[in-house]
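Notes for the structure review
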Amino acid sequence: MRELVERSLMGEKITISTGAGNIVMISEEDWDTLVEAVSVLTVPAVLESYKSSLKGATESA
């Protein structure tokens, strides 16, 4: 278990499979980053700006 914790703290996503389903272990820092990103993207204006920037990136590629 300690090895899994250490790997998670190094930035690796750990998937643990059980008969009841799968779970994912990530570091608290990675979790906080994901929660912040989701929170920001729930603001409609931010989401639209993000979508526009993606369109611009694909059109110029």
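Residues numbered from 1 in each chain as written. Predicted model: local features only at pLDDT ≥ 70, side-chain atom pairs only at ≥ 80, totals over all residues. Heavy atoms only, no water.

With respect to the helices and strands, the residue I16 is situated in strand β1 (residues 14-18). The spatial distance from the C-alpha of I16 to the C-alpha of K51 is 33 Å, given a sequence separation of 35 residues. Beyond its immediate sequence surroundings of up to four residues, I16 is in contact with G21, N22 and I23. (Helix = DSSP H or I, 4+ residues; strand = E, 2+ residues; numbered from the N terminus. Contact = heavy atoms within 4.5 Å.)

Moving on to the confidence of the model for the chain. Mean pLDDT over the chain: 90, with 98% of residues reaching 70 or higher. Averaged pLDDT values over the elements of the chain bottom out at 85 in helix α3 (residues 44-59) and peak at 96 in strand β2 (residues 21-25). (pLDDT = per-residue confidence, 0-100.)

On the surface, a cluster of negative charge is made up of E28, E29, D32 and E36. Inspection of the secondary structure puts E36 in helix α2 (residues 28-41). What makes E36 exposed here is its relative accessible area of 54%. (Patch = residues over 30% accessible without salt bridge, like charges linked within 9 Å, V, L, I, M, F, W, Y side chains within 5 Å. Areas by Shrake-Rupley, 256 points an atom, 1.4 Å probe, with all protein chains shown as cover. Salt bridge = Lys/Arg side-chain N within 4 Å of Asp/Glu carboxyl O. Lys, Arg positive; Asp, Glu negative; His and termini not counted. Charge placed at Lys NZ, Arg CZ, Asp CG, Glu CD. Buried < 20%, exposed > 50% of the residue type's maximum accessible area, 1.4 Å probe, protein only.)

On to the environment of E29. The residue E29 is located in helix α2 in this model. Of the residues examined, E29 reaches a relative accessible area of 63% and is grouped as exposed.

In this section: the side chain of S27. Counting through the fold element by element, S27 comes out in the loop between β2 and α2. Relative accessible area serves as the criterion here: at 8%, S27 is assigned to the buried category. Polar contacts involving the side chain of S27 include one to the main-chain amide nitrogen of D30, which spans 3.1 Å. The contact partners of S27, leaving out residues within four places of it in the chain, are S8 and L9. (Polar contact = N/O pair within 3.5 Å; in protein donor to acceptor, adjacent residues only side chain to side chain.)

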